[in-house]
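Overview (structure and organization)
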Amino acid sequence: MDVMDWNEIELSEDGTCFLCEGQVLFGKTFLQALSFHSPGLAPVCDESGWYHITINGEALYQQRYERVFGFYNNRASVILNDLAFHVDVNGDQVYSQRYAWTGNYQEGYCTVRDEAGNYFHIDLNGARIYSENYQYTGDFREGYSCVKSSNGWMHIDRNGKPLNGKKFNDLGVFHKGIATAKDEIGWFHIDKAGKELYSKRYKMIEPYYNGCALGENYEGQKLIILEFGEPTVIEF
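Quick summary incoming for the structure in this document.

Cut-offs used in this document
Per chain, residue numbering runs from 1 following the sequence as it is written. Note on the predicted model: pLDDT of at least 70 is required for a residue's local features to be given, and 80 or more for side-chain atom pairs to be given and counted; whole-chain, interface and lining totals, by contrast, use all residues. With hydrogens and water excluded, all non-hydrogen atoms of the structure serve as input to the side-chain values. Put simply, a disulfide is two cysteine sulfurs that come within 2.5 Å. Under the scheme applied here, a residue whose accessible area is under 20% of the maximum for its type counts as buried, over 50% as exposed, and between as partly exposed, the area being computed with a 1.4 Å probe on protein chains only. In the sections that follow, a salt bridge refers to a side-chain nitrogen of Lys or Arg positioned within 4 Å of a carboxyl oxygen of Asp or Glu. To qualify as a helix, a DSSP run of H or I must reach at least 4 residues; to qualify as a strand, a run of E must reach at least 2; elements of each kind are numbered from the N terminus. A contact between two residues is defined here by any heavy atoms of the two lying within 4.5 Å. Here, strands pair whenever DSSP counts at least two bridges between them. In protein, a polar contact requires one atom able to donate a hydrogen and another able to accept it; more generally it is a pair of N or O atoms within 3.5 Å, and residues adjacent in sequence count only if both atoms are side-chain atoms. Whether two aromatic rings pair depends on their centres lying within 6.5 Å, for rings of Phe, Tyr and Trp, where Trp uses its six-membered ring; planes under 30 degrees apart make the pair stacked, over 60 edge-to-face, and the rest tilted. Remark: a charge is flagged as sitting over a ring if the NZ atom of Lys or the CZ atom of Arg is within 6 Å of the ring centre and within 35 degrees of the ring normal.

**Considerations on the state of the cysteines**
A full pass over the atoms with the stated rule returns zero disulfides. Here C45 stays free of any disulfide, with the sulfur of C17 as its closest cysteine sulfur at 15 Å. Judged by its relative accessible area of 12%, C45 is buried.

Here you go:
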């Protein structure tokens, strides 16, 4: 079967082969496989190791790895000799550095952890985008990342600069300009200035979804928190 669009290729329920219109592709099953990602490459594992295949089921390169992951921003994280780095859509190494762990590129940047346990971000060419080291760094969303230092969590921009200078006990990424944050009392929502949207605190909250966010108070009740005006909760 000729496959023209990688979006039409489905991963089998047991994660060992690929399907299109119910038919097994490539005449092969794998020990393990992951879904196709843009630009039409998928991670697979057989007796030779982990590698990426094209939409024709052909190996992208000869090298085999201990683990490979999907492509994001045309970069894929791979592990060789217990160290991680990224390859491009041709299977070539993007940079010479090796890390204890690498994430996936998001918005042109990637979080990594070096062998000393430091977290920071690199650009598409593997260069550090700032000199600071953190205890943890997350993916970029809407231009900002959550980072953890010894004195709390904050948002930084793509140059590594603090967004608003405010520190929190815990922090979430921005979604439509609003992020979850936690202080000594509990969880709440903030804007990009780090300003709380309301004074109440919760045991747990989720990001807003079309103007509403799921939460839980300290009595264990699930709540719906409305985005605009004085917060209104709906018990269920």
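Picking up after the structure, the text goes on.
**Here we look at the pattern of salt bridges**
Within the structure shown, the criterion is met by six salt bridges. With a closest N to O distance of 2.9 Å, E107 and R158 form a salt bridge. Placement of the pair is E107 in the loop between β10 (101-102) and β11 (109-113) and R158 in the loop between β15 (152-156) and β16 (170-171), with a sequence separation of 51 residues. A relative accessible area of 32% places E107 in the partly exposed class. The shortest N-O distance in the salt bridge between K203 and E216 comes to 3.9 Å. Of the two residues, K203 is situated in the loop between β18 (187-190) and β19 (204-205) and E216 in strand β20 (residues 212-216); the sequence distance between them amounts to 13 residues. Residue classification places K203 among the partly exposed residues on the basis of a relative accessible area of 47%. Given a relative accessible area of 14%, E216 falls into the buried group. Salt bridges here are not isolated pairs; linked through shared partners, they connect D183, E196 and R201.

**Overview of the environment of P162**
Locating P162 in the fold gives a position in the loop between β15 and β16. Taking the C-alpha atoms as reference points, P162 and Y202, separated by 40 residues in sequence, lie 26 Å from one another. The residues contacting P162, other than those within four sequence positions of it, are M154, H155 and I156.

**Concerning the sheet that holds β20**
Strand order in the open sheet formed by three strands is β19-β20-β21, and the pairing between neighbours is antiparallel. Each end of this open sheet is capped by a strand with a single partner; those strands are β19 and β21 (222-226). Sheet topology note: the β19/β20 ladder contains two bridges and is antiparallel. Pairing of I205 across the sheet is with G215, part of β20.

**Description of the side chain of T111**
Here T111 lies in strand β11. Exposure remark for T111: the relative accessible area of 2% places this residue in the buried category. Only 2.4 Å separates the side chain of T111 from the side chain of T137, close enough to count as a polar contact. When residues no more than four places from it in sequence are discounted, the contact partners of T111 are W101, T102, G103, Y119, F120, H121, T137, G138 and D139.

**Some remarks on unusual backbone geometry**
Negative phi characterises most residues that are not glycine, and trans characterises most peptide bonds. At the junction of S38 and P39, the peptide bond is cis and its omega measures out at 10° in the coordinates. As for its position among the elements, P39 is in the loop between β4 (32-33) and β5 (42-46). Although it is not a glycine, N74 sits at a positive phi angle of roughly 60°. For N74, the position within the fold is in the loop between β7 (67-72) and β8 (75-80). Given a relative accessible area of 36%, N74 falls into the partly exposed group. The phi dihedral of K176 falls on the positive side, at around 55°, and the residue is not glycine.

**A word on the side chain of T16**
By secondary structure assignment, the location of T16 is in the loop between β1 (10-11) and β2 (18-20). By relative accessible area, which is 16% here, T16 ends up buried. Only 2.8 Å separates the side chain of T16 from the side chain of D14, close enough to count as a polar contact. The residues touching T16, leaving out its near neighbours within four places in the chain, are T29, F30 and L31.

**A look at the packing of aromatic side chains**
Per the counting criterion, the structure on display carries 15 aromatic pairs. A ring pair is formed by W101 and Y119, whose centres lie 6.0 Å apart and whose planes are at 55°; its orientation type is tilted. With W101 in strand β10 and Y119 in strand β12 (residues 119-123), this residue pair connects regions lying 18 residues apart in the sequence. Each residue in the set F18, F26, F30 and F36 is aromatic and connected to the rest through ring pairs, giving one cluster. Over the ring of F174 we find K192; its NZ or CZ atom is 5.9 Å from the centre of that ring. For K200, the ring lying beneath its charged end belongs to Y202, and the centroid distance is 5.9 Å.

So, to be careful, I would describe these as geometric facts and stop short of saying anything about function.
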